[in-house]
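A look at the structure
Next come the chains, spelled out residue by residue.
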Amino acid sequence: MFDFESILNTMAPELLLAAAGLVGVTVGAILGDRFNSISFKFGAVVLFAAAALAGNYWDGGRAFDGLVETTSFANFAKVVSFIAGGISLLMAEGFLKRHDTMRYEYPLLVIFASLGMGIILSSTNFMTLYLGVETLSLSSYVLAAFHRDSPRSAEAGLKYFVLGALASGILLYGISLVYGFSGSTSYEVVADADASLGFMFGMVLMITGLAFKVSAAPMHVWTPDVYEGSPSPVVTFFATAPKMASMVVFAIIMFTAFPQAMAVDNWQMIIGIIAALSMLIGSFGALPQTNLKRLLGYSSIANMGYALVAVAAGVQYGAGSLLIFMTAYVIASLGLFGGVLSMRREGGMVENTDELAGLIRRQPGLATALTVLLVSVSGFPLAFGFLGKLAVLEAGWNAGLMPLIIILVLSSVIAMYYYLRIVKIMWFDDQAADFEPVDGWVTTTIYVTALVSVLLLIFVSPFSELAATAAESLIS
């Protein structure tokens, strides 16, 4: 018999998302286009409710004979991911309406993608993990190509699908090898297996597949093209909610399924190489970019490299640091992509960084908010992003990862150039034409995320304590 209490403690947000998704599909089939506008509010409310459920069942539980287990570490990521998904939905409605692509299927795809995120965060078995990965991935492929009349969107969706299928195959092959040499797909059993050569090879293939999901080098090649080609609201979602969930899952797998490999520093070295490549490729790749979405794509690669430094530091030093850094990144990314969505003139959206010229004289509030967000994501000590990067540096230092710390500092200095270049364009260049007004959810998000970035810098102690408490559930 099922223990419904344990199922509720473990999977309450996912049960809500699955039920809401099925209800939405049914209502959409009945009402058709009349459901289009309502569906976005419906999806946002569902995601916020899922975040509230994750917070309510903070300590989590274990269900389905150990196939899923939720800890406060995973629930922390769920809360941030679901809130980010809900905000991205609210920001999307006006954009899709202007481009005549507002369909009720869009928020339902975001709901099902979020369901996949919840499943992977709660998984304690590689089969459950793969189920969640595919639920997230299949929804994401459709979202990337959602603007079906746009050649750029179709190209982005095709690239994402082909490379994503390759990464999923690599991940599944790695799982099959780990199963073959350990005799189980359970994290707990795999953790006690001997780290033989075949086992390690399977682990490396799994790391490669997971690296694609977080857009870390060398599986990063899809990121700039998909960011540039996909509709801006879709990229807003991709850059926030799935990134938070996937990176935390990456850490959970390495910390819980492969601790025996860590004893001989095998995966620490592999993760360190991926982190170094990501930081350098992301930072240098962003330097020549003038398209803001493409620049943020390369910035995402670099930031995933910073996050992987926390993973390489191990569960004791890196777990709490990872939560702080990824939360800071998600907050800044929501606001910055809100800035992209606000760049609208007669004839459509614009994405070039030069279009921001003289923004401080046209819209001083927007320019100031975007400056705060750029300062935050760069790690400059005036916003919350600085504390996120400082936490990662401290984790790397405590773990003795000096080469990675040096590369992180070098990469951050390089990144400072292209972030400050945008600030210089907004504050000191000759004024460009005015932007047309966009819906209030976009501008509200920009201002709120900038304010939150400053407030969390000032009142960081409660948040840091919450992250440390969540990390302890993984350590124990």
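Please read these numbers as outputs of a predicted model, since none were measured by experiment. (Residues numbered from 1 in each chain as written. Predicted model: local features only at pLDDT ≥ 70, side-chain atom pairs only at ≥ 80, totals over all residues. Heavy atoms only, no water.)

Turning to the overall build of the protein, a few remarks are in order. Counting secondary structure elements, the protein contains 21 helices and four strands. Here the C-alpha radius of gyration of the protein, 21 Å, is about what a compact globule of 476 residues would show, namely 23 Å. Once the C-alpha set of the protein is aligned to its principal axes, its extents read approximately 65 × 55 × 40 Å. Burial analysis of the protein (476 residues in total) assigns 63% to the buried set. A separation threshold of at least 6 residues defines the contact pool for the protein, and within that pool the share at least 24 residues apart is 80%. Per element, the accessible surface of the protein, about 17,600 Å² overall, is 67% carbon and sulfur. Distance between charge centres in the protein, computed from 21 positive and 31 negative side chains, equals 11 Å. (Helix = DSSP H or I, 4+ residues; strand = E, 2+ residues; numbered from the N terminus. Rg over C-alpha atoms; globule rule 2.2 N^0.38 Å. Buried < 20%, exposed > 50% of the residue type's maximum accessible area, 1.4 Å probe, protein only. Contact = heavy atoms within 4.5 Å. Areas by Shrake-Rupley, 256 points an atom, 1.4 Å probe, with all protein chains shown as cover. Lys, Arg positive; Asp, Glu negative; His and termini not counted. Charge placed at Lys NZ, Arg CZ, Asp CG, Glu CD.)

Turning our eyes to something else, we now look at the environment of Met 349. Structurally, Met 349 can be placed in strand E4 (residues 348-349). Sequence spacing of Met 349 and Phe 95 is 254 residues, and the spatial spacing of their C-alpha atoms is 9.3 Å.

Below, the discussion takes up the packing of aromatic side chains. Tallied over the entire structure, the rule returns 21 aromatic pairs. Between Phe 35 and Tyr 104, the ring centres sit 6.0 Å apart and the planes meet at 50 degrees, which makes this aromatic pair tilted. Here Phe 35, found in the loop between helix H1 (4-31) and helix H2 (36-56), pairs with Tyr 104, found in the loop between helix H3 (72-98) and helix H4 (105-122); they are 69 residues apart in sequence, far enough to count as distant. Ring-pair connections join several aromatic residues into one group, and the members of that group are Tyr 141, Tyr 160, Phe 161, Phe 212, Trp 222, Phe 237 and Phe 238. Between Arg 362 and the ring centre of Phe 435, over which it is positioned, the NZ or CZ distance is 4.9 Å. (Phe/Tyr/Trp six-rings, centres within 6.5 Å; stacked < 30°, edge-to-face > 60°. Lys NZ or Arg CZ within 6 Å of the ring centre and 35° of its normal.)

Right, let's talk about the nonpolar core for a bit. By size, the foremost hydrophobic cluster in this structure holds 165 residues, and its most contacted members are Tyr 106, Phe 126, Met 247, Ile 253, Phe 258 and Val 311. Considering each element in turn, this core owes the most residues, 16 residues, to helix H15 (residues 315-341). Here Met 247 is in contact with Val 214, Met 304, Ala 307, Leu 308, Val 311, Leu 322 and Met 326, once residues within four sequence places are set aside. (Core = buried A, V, L, I, M, F, W, Y, C linked by side-chain atoms within 4.5 Å.)

With an omega dihedral of 5 degrees, the bond running from Ala 217 to Pro 218 counts as a cis peptide bond. In this structure, Pro 218 sits in the loop between helix H8 (197-213) and helix H9 (222-229). Located in the positive-phi region is Phe 64, a residue other than glycine, with phi close to 55 degrees. In this fold, Phe 64 is placed in the loop between strand E1 (61-63) and strand E2 (68-70). With relative accessibility at 34%, the residue Phe 64 sits in the partly exposed group. Even without a glycine there, the phi angle at Ser 215 is positive, about 55 degrees. Position of Ser 215 among the secondary structure elements: in the loop between H8 and H9. Given the relative accessible area of 0%, Ser 215 is considered buried.

Note that every value here comes from positions in space, so none of it alone points to a role or purpose.
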